[in-house]
Amino acid sequence: MAIWPTTLPPPTSDYGLNPVDPTVRTDMESGAARTRRRTKARNDKVRAAWNMTDAELTIFRAWFDDDATGAAGGAAWFDISLPIGTGGIVSVTAKFVGVYKANYLPGMNWLVSGELEIRQ
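Worth saying up front: this structure is predicted, and the values here are computed from it rather than measured. (Residues numbered from 1 in each chain as written. Predicted model: local features only at pLDDT ≥ 70, side-chain atom pairs only at ≥ 80, totals over all residues. Heavy atoms only, no water.)

Draft legend 1. Structural view of the nonpolar core. Counting 23 residues, the largest nonpolar core has W4, W50, F60, W63, F78 and F96 as its most contacted members. Residue assignment for this core shows that the elements contributing at least two residues are β5 (45–53), α1 (54–65), β6 (78–83), β7 (89–96) and β9 (109–119). If we ignore the near neighbours within four places in the chain, the residues touching W63 are A2, I3, W4, P5, T69, G70, A71, F78 and F96. (Core = buried A, V, L, I, M, F, W, Y, C linked by side-chain atoms within 4.5 Å. Buried < 20%, exposed > 50% of the residue type's maximum accessible area, 1.4 Å probe, protein only. Helix = DSSP H or I, 4+ residues; strand = E, 2+ residues; numbered from the N terminus. Contact = heavy atoms within 4.5 Å.)

Structural data, given as structure tokens:
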């Protein structure tokens, strides 16, 4: 399994945890809707951003596209350390949901952002 490169920075403060709803709701013709639990698995989504230099963005892009040891264009799971509300920064397994975005910032830096699906 791929691992987030140690040469890349941790996420910035623009970070958010979005729990996935584990329930299914069925509306009835009359009366209250029925709700049941679909799964006990926690497959939360994380909105993350990283401030990167040009050199770090080059490393990130190569790792993101690498099928053997990277994120395989967003299709592969990888290990990364993130804060997920369990008492500090912990190692989780994640993969990108879609492709990342990179916005140029003045001063030769980039704000790289994306959504990750994490499983615990």
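Draft legend 2. View of the pairing of β7. With six bridges connecting them, β6 and β7 associate as antiparallel partners. Of the residues in β7, the one forming a bridge with S81 is S91. Between β6 and β7, which pair antiparallel one after the other, the connecting turn spans five residues, and G85 there sits at a positive phi close to 85 degrees. For β7 and β9, the ladder comprises four bridges, and the chain directions are antiparallel. Along β9, the bridge assignment pairs F96 with L116. (Pairing = 2+ DSSP bridges.)

Everything listed here is a matter of coordinates, which is why it stays silent on function.
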